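Fold and contact review
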Amino acid sequence: MNEQTEQTPHAPSRRQVLGTAAAGAVLGVGAVGVPPAQAAGPAAGPGTAPRRQGSTMAGVPFERRSTVRVGVVGFGNRGSGMIAHFLAHPWVRVTAVCDPVRAKAERAAAKVVAAGRPAPAVYANGEDDYENLCARSDVDLVYVATPWDSHFAIARAAMLNGKHVGVECPVAMRLDELWDLVDLSERTRRHCMQLENCCYGRNEMRVLRMAHAGKFGRLLHGAGAYNHDLRGLMFSPSYYEGPWRRLWHTRLKGDLYPNHGIGPVANYLDVNRGDRVASISSFGTPALGLAEYREENVPAGDPSWKESYIASDRTVSLLQTALGRVIRLEHDVSTPHPYSRINSLGGTRGVFEDYPARIYLEPDHKDDEWGDFSAYAAEFDHWLWKEHANPPGGHGGMDYLMVYRLMQCMRLGLPPDFDVYDAATWTAPLPLSHASIKAGGAPQEIPDFTRGEWRRARPGVDSVKPA
């Protein structure tokens, strides 16, 4: 196979894809410029699954390639830190970088050159220049690390231009956008992945392997969260590029960041691979924390004093699966709280709880006393953690392992560990928790983005080490 054929596999043309887009119009497909007040509202009910316009992407492998070529969009804190993980592998090339702040894009390009790689193309001509990056012929994957409200548009542009796309959390903000991404992935035959780094945490991967080995018996419940005091960062004049993250607290009441909590638990319970989440009921406290912090720490006259916060300081959601199991999600970034993702799993033979890590399993433990979770490392640590015992980078190495594994799958022609159905499922609690809170906690149906294929068992993050 010649290099050109290997690196540029055939994909449906942009015209072919757009020609079928009308079928999704009933769901408001492509409605990017939605006013904030409508940010959570689907144009059709959650149970209304649009007609499938392609075929499933579940289990579809990447095209094998000797070099993985990446275009990176967004160089705030996240993108600036993550580019090093792409540059850590000699068989990965960063061919293009994009940020509307030219200085940030040029700093990223300098990092590529400093790593001994060819200088990437730089796109910094306004908010929409990512479209030109997506149109390049030398990009296989577009990595998106921009503010949340742009994720959908960039992912859409990537797939329409024949590129796979990996998006930081959350993948979109509206239910109809999630359906649009599912349909686009199926029509374009390109993967759209929620790059959920917490799925690659050492504890999460060990619990996942133990669950699949039956150590917890028959699984009954799990819990996850994003409880992280971000008040100082959200009011910082320099940490974020503008107040975009804080402004979401003026628009939505629900769980604004469910992915870190639900992703690992969904893996434990084989969601979309034998079970599915079917409904969500959410409750929220009053929104007091950000205003109180502003009063004590922000000078009068700051633009933030014009903001009215409606986002619940803490949301608690209960999700029920098709098999009757229960997932609890929490979100709190507005009050004092030590960092916690909860990360819990329980079954008929015992329970694991994180922060701090502790475990109780029968017959290993007795007398209602927690056991030592580290005792299970030798047998149940995932092969990624055995192969990379001390991975570099932030978040305890999970960022590095997430990028390494994605690049490995693309290079070897393997299916990704998670796909567009996981991206949509893990993000759906965002708009639906808002709807449930507005409805006094009334259950909201979570769509079956797989259109029935969740019943089929298939591999996920608990992968087999490639030969």
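Reference entry: report on the structure contained in this document. (Residues numbered from 1 in each chain as written. Predicted model: local features only at pLDDT ≥ 70, side-chain atom pairs only at ≥ 80, totals over all residues. Heavy atoms only, no water.)

1. As for the overall build of the protein
In plain terms, the rule: Put simply, DSSP marks the helices as runs of H or I at least four residues long and the strands as runs of E at least two long, and each gets a number from the N terminus on. Buried, partly exposed and exposed residues are distinguished by accessible area as a fraction of the type maximum, computed with a 1.4 Å probe on protein chains only: under 20%, between the cut-offs, and over 50%, respectively. Note that accessible areas follow from Shrake-Rupley with a 1.4 Å probe, and for residues the cover is restricted to the protein chains shown.
Helix and strand counts for the protein come out as 17 helices and 14 strands. A total of 467 residues make up the protein; the buried ones form 57% of that total. In the form shown here, the protein has an accessible surface area of approximately 18,400 Å², with 52% of it arising from carbon and sulfur atoms.

2. Comments concerning the state of the cysteines
Basically, it comes down to this: The disulfide definition used here is simple: a pair of cysteine sulfur atoms within 2.5 Å.
For the structure shown, the criterion picks out 0 disulfides. For the unlinked cysteine C98, the closest cysteine sulfur is that of C134, found at 8.2 Å. A residue is classified by how much of its surface remains accessible, and C98, at 3% relative accessible area, is buried. No disulfide involves C199; its nearest neighbouring cysteine sulfur is the one of C198, lying 7.3 Å away.

3. Considering the pairing of strand 10 (residues 326-332)
Quick note on the threshold: Pairs of strands are assigned from DSSP output, requiring at least two bridges between the strands.
Burial analysis of strand 10 places 5 of its 7 residues in the buried class, which makes it a mostly covered element. Sheet topology note: the strand 7 (residues 219-227)/strand 10 ladder contains 7 bridges and is parallel. Residue pairing for strand 10: H221 is matched across the bridge by V326. Bridge count between strand 9 (residues 315-321) and strand 10: 6 bridges; the pairing is antiparallel. Its bridge partner lying in strand 10, S317 is registered against L329. Taken together, strand 9 and the strand that follows it, strand 10, pair antiparallel across an intervening segment of 4 residues, in which G324 is found at a positive phi of about 90°.

4. Side note on the pattern of salt bridges
The following threshold applies: The salt bridge definition used is simple: a Lys or Arg side-chain nitrogen within 4 Å of an Asp or Glu carboxyl oxygen.
One pass over the structure, following the stated rule, counts 32 salt bridges. Residue R78 is joined to E168 by a salt bridge in which the shortest nitrogen-to-oxygen separation is 3.1 Å. Here E168 lies in the loop between strand 5 (164-167) and helix 7 (175-188) and R78 lies in helix 3 (residues 77-87), a separation of 90 residues in the sequence. For K465, the salt bridge identified is with E387, shortest N-O distance 3.1 Å. Here E387 lies in helix 14 (residues 383-387) and K465 lies in the segment after strand 14 (444-445), a separation of 78 residues in the sequence.

5. Regarding the packing of aromatic side chains
Inclusion rule: Pairs were defined over the aromatic rings of Phe, Tyr and Trp, the Trp ring being its six-membered one, requiring ring centres within 6.5 Å. Orientation was assigned from the angle between planes: stacked under 30 degrees, edge-to-face over 60, tilted for the rest.
Under the criterion given, the structure shown has 16 aromatic pairs. With 6.2 Å between their ring centres and 85° between their planes, Y226 and Y339 make a pair best called edge-to-face. Of this pair, Y226 sits in strand 7 while Y339 sits in the loop between strand 10 and strand 11 (344-347); the two residues are 113 residues apart in sequence, bridging distant segments of the chain. For Y339, a relative accessible area of 32% puts it in the partly exposed group.

6. Here's the deal with the side chain of R294
For the record, the criterion: Positive residues here are Lys and Arg, negative ones are Asp and Glu, while His and the chain termini are left out of the count. For this analysis, residues touch if any pair of their heavy atoms sits within 4.5 Å.
For R294, the location among the structural elements is in helix 12 (residues 289-297). In this structure, R294 is buried with no salt-bridge partner, the nearest side chain bearing the opposite charge being E307 at 4.9 Å. Residue contacts for R294: discarding those within four places in its chain leaves F235, S304, W305, E307 and Y309.

7. Topic: the pairing of strand 8 (residues 277-284)
Relative to strand 9, strand 8 is paired through 7 bridges, and the arrangement is antiparallel. Bridge pairing in strand 9 places G284 opposite T315. Two strands pair when backbone bridges link them, and strand 8 and strand 14 are joined in this way by 2 bridges, in the antiparallel orientation. The partner of I280 across the bridge, within strand 14, is Q444.

8. Re the sheet that holds strand 3 (residues 121-123)
To be explicit about the condition: Axis lines are fitted through C-alpha atoms, for helices just across the contact stretch, and the angle between N-to-C directions can take any value from 0 to 180 degrees.
Read across the open sheet, the 6 strands follow the order 3-2-1-4-5-6; overall the sheet is parallel. Unpaired on one side and paired on the other, strand 3 and strand 6 (192-194) mark the two borders of the sheet. Between one strand axis and the next, the sheet turns through 25° on average, direction left out of account. Pairing analysis gives 4 bridges linking strand 1 (residues 68-73) to strand 4 (residues 141-144), with the strands arranged parallel. The residue bridging V70 from the neighbouring strand is L141, located in strand 4. Packing against the sheet, helix 6 (residues 151-160) makes contact with strand 1, strand 4, strand 5 and strand 6, and its axis sits at approximately 165° to strand 5. Docked against the sheet, helix 15 (residues 398-412) engages strand 1, strand 2 (92-98), strand 4, strand 5 and strand 6, running at close to 140° with respect to strand 1.

9. Looking at helix 4 (residues 102-114)
Definition in use: Given a helix with a known number of residues, its expected span is that number minus one, times 1.5 Å. Picture the helix axis, draw a direction to every C-beta atom, and the arc is the one those directions span.
An ideal rise of 1.5 Å per residue puts 18 Å on 13 residues; helix 4 measures up with 18 Å between its terminal C-alpha atoms. Residues K104, A105, A108, A109 and V112 constitute the buried set of helix 4. The buried side chains of helix 4 occupy one side of the element, clustering within an arc of 140° when seen end-on. Exposed residues pointing more than 90 degrees away from the buried face of helix 4 are listed as R107 and A114. Buried positions along helix 4 lie against helix 3, strand 2 and strand 3.

10. A look at the packing of helix 7 against helix 16 (residues 420-427)
Inclusion rule: Put simply, angles under 35 degrees are roughly parallel, angles over 145 are roughly antiparallel, angles from 65 to 115 are roughly perpendicular, and the rest are oblique. Side-chain classes follow a simple rule in which Ala, Val, Leu, Ile, Met, Phe, Trp, Tyr, Cys and Pro form the nonpolar group, Asp, Glu, Lys and Arg form the charged group, and the remainder, Gly included, forms the polar group.
Two numbers describe how helix 7 lies on helix 16: the axes approach to 9 Å, and their chain directions differ by 175°. By the angle between their directions, the pair helix 7 and helix 16 is classed as roughly antiparallel. In this structure, helix 7 uses L178, L181, V182, S185 and E186 to contact helix 16, whose residues at the interface are V420, Y421, A424 and T427. Taken together, the residues of the contact of helix 7 with helix 16 sort by class into 6 nonpolar, 2 polar and 1 charged.

11. Side note on the environment of Y355
As for its placement among the helices and strands, Y355 is situated in the loop between strand 12 (350-353) and strand 13 (358-361). Expressed as a C-alpha distance, the spacing of Y355 and Y339, which sit 16 residues apart in the sequence, is 8.4 Å.

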